[in-house]
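Residue-level listing of the chains:
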Amino acid sequence: MSERIKVRIKFSKHGALKFIGHLDIMRYFQKAFRRSGIDIAYTEGFSPHPVMSFAAPLGVGLESDGEYLDVELNAPADMAEIKDKLNGQMAEGMEVLSAVTLPEKSKSAMASVAAAGYYIAFRNEFTPPCGWQEAIGQFLAKEKITVEKQTKKSMMEIDLKPAIYDFRLSSYREKDCLYLMVNASSAGNIKPAMVVEALFRQIELPFDPAWLTVTREDTYLNRGTEEEPLFAPMDMQGA
């Protein structure tokens, strides 16, 4: 019997593909594995499907430099060859960045997610008034950052402060922007627009999520503790 191995794939998504939803991305990769001839494992039963799971699905309209999926292969394989074969099936805007073998008892991609980083820029037709950048320090200095969050059952009030790990001015592709790292775990997932909206509310400015362009910088696991996190990109789990 062949020895199955777990593999974590890191990929980027840009351009028109940002409008493709999560279910379609799943189907896209299922077809890419099949067409590339990679010996991916399937579940047993009446309707077998590829053993595949994604980390923190990206919202429609967002681009990313750090998306992840885990798959099982029926036998050991060369990771550089896996990467090249998949890239041979990718459409413009999608690129496989790495493939690493995972330890046998490692957590799944979805269970490993602790945080995500984002580059947030304003569209050309909208520019906030001067001085808004200075408000970030005051915003982070607050004891609590209370917002309302929609759950499956109701609206609930939450404190964003513990979920914000980094928030500062930055640049992406030679353009000024904000960098934000937040909790992205299944238990505390925070959307980047929610943080920017809370900032604008503090300085009494109107806000519309449509003003933003958002690119996920990477998705992170926590190699430390909840009290003292040590974040690392998710393809480091196999390192």
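See the structure shown above.
Figured I'd write up the structure that's included with this text.

Quick notes on the rules
Residues numbered from 1 in each chain as written. Predicted model: local features only at pLDDT ≥ 70, side-chain atom pairs only at ≥ 80, totals over all residues. Heavy atoms only, no water. Helix = DSSP H or I, 4+ residues; strand = E, 2+ residues; numbered from the N terminus. Contact = heavy atoms within 4.5 Å. Core = buried A, V, L, I, M, F, W, Y, C linked by side-chain atoms within 4.5 Å. Buried < 20%, exposed > 50% of the residue type's maximum accessible area, 1.4 Å probe, protein only. Pairing = 2+ DSSP bridges. 1 Å grid on protein atoms, 1.4 Å probe; cavity = no way out; pocket = protein on both sides within 12 Å on 5 of 7 lines; lining within 4 Å. Points joined across faces, edges and corners; volume = space filled by probe spheres on them. Phe/Tyr/Trp six-rings, centres within 6.5 Å; stacked < 30°, edge-to-face > 60°. Salt bridge = Lys/Arg side-chain N within 4 Å of Asp/Glu carboxyl O. Arc of directions from axis to C-beta. Polar contact = N/O pair within 3.5 Å; in protein donor to acceptor, adjacent residues only side chain to side chain.

**Quick word on the side chain of Lys10**
In step 1: With respect to the secondary-structure elements, Lys10 resides in strand S1 (residues 5-13).
In step 2: The contact partners of Lys10, leaving out residues within four places of it in the chain, are Asp65, Gly66, Glu67, Tyr68, Glu95, Val96, Leu97, Ser98, Asp218 and Asp235.

**With respect to the nonpolar core**
In step 1: Grouped together as the largest cluster of nonpolar side chains are 40 residues, with contacts concentrated most on Leu160, Ile164, Phe167 and Val195.
In step 2: At the level of elements, strand S5 (115-122), helix H4 (135-141), strand S8 (164-172), strand S9 (175-183), helix H5 (192-202) and strand S10 (212-222) are the ones that each hand at least two residues to this core.
In step 3: The biggest single contributor to this core is H5, with 6 residues.
In step 4: Those residues in contact with Val195, other than ones at most four positions away along the chain, are Phe139, Leu160, Ile164, Phe167, Leu180, Val182 and Ile190.
In step 5: Listed in part, the 23 residues of the second largest apolar core include Phe29, Leu69, Ile82 and Met90.

**Here's the deal with the pairing of strand S6 (residues 146-150)**
In step 1: In this sheet, strand S7 (residues 155-159) lies alongside S6 in antiparallel orientation, the contact comprising 5 bridges. Of the residues in S7, the one forming a bridge with Thr146 is Asp159.
In step 2: The turn linking S6 back onto S7 is made up of 4 residues.

**Some thoughts on empty space enclosed by the protein**
In step 1: Scanning the model with the defined rule gives 1 cavity of 30 Å³ or more in all.
In step 2: In this model, the largest cavity occupies a volume close to 90 Å³.
In step 3: Residue lining of the largest cavity: 13 residues in total, with His22, Ile25, Pro57, Leu58 and Glu67 positioned closest to the centre.
In step 4: At the level of elements, S1, helix H1 (22-36) and strand S3 (63-73) are the ones that each hand at least two residues to the lining of the largest cavity.

**What to know about the packing of aromatic side chains**
In step 1: This model, assessed by the stated rule, comprises 11 aromatic pairs.
In step 2: Both rings, one in Tyr28 and one in Phe29, keep their centres 5.8 Å apart while their planes meet at 70°; by these two values the pair is edge-to-face.
In step 3: For Tyr28, a relative accessible area of 21% corresponds to the partly exposed category.
In step 4: Judged by its relative accessible area of 0%, Phe29 is buried.
In step 5: Clustering of aromatic rings is evident, with ring pairs tying together Phe11, Tyr28, Phe29 and Phe54.

**Section: the pairing of S10**
In step 1: Among the 11 residues that make up S10, 9 are buried, leaving the element largely enclosed by the rest of the structure.
In step 2: Of the pairings in the sheet, the one linking S5 to S10 comprises 8 bridges and is antiparallel in character. When the sheet's bridge partners are listed, Ala115 is paired in S10 with Tyr220.
In step 3: Bridging between S10 and strand S11 (residues 231-233) involves 3 bridges; their strand directions are antiparallel. Within S11, the position partnered with Leu221 by the bridge is Ala232.

**A short note on the pattern of salt bridges**
In step 1: Under the definition given, this model contains 7 salt bridges.
In step 2: Taking the shortest distance from any N to any O, the salt bridge between Arg8 and Asp70 comes out at 2.7 Å. In this pair, Arg8 is assigned in strand S1 and Asp70 in strand S3, connecting sequence segments 62 residues apart. Here Arg8 matches Asp70 in class, with each residue buried.
In step 3: Across the pair Arg216 and Glu67 runs a salt bridge, and its minimum N-O distance is 2.9 Å. With Arg216 in strand S10 and Glu67 in strand S3, this pair connects stretches of sequence that are 149 residues apart. This pair shows no difference in class: Arg216 is buried, exactly as Glu67 is.

**Here's the deal with helix H2 (residues 79-87)**
In step 1: Of the positions making up H2, those classed as buried are Met79, Ile82 and Leu86. Around the axis of H2, the buried residues are gathered within 55° of arc, so they sit on the same side.
In step 2: In this structure Asp78 caps H2, since a side-chain oxygen of it lies 3.1 Å from the backbone nitrogen of Ala80.

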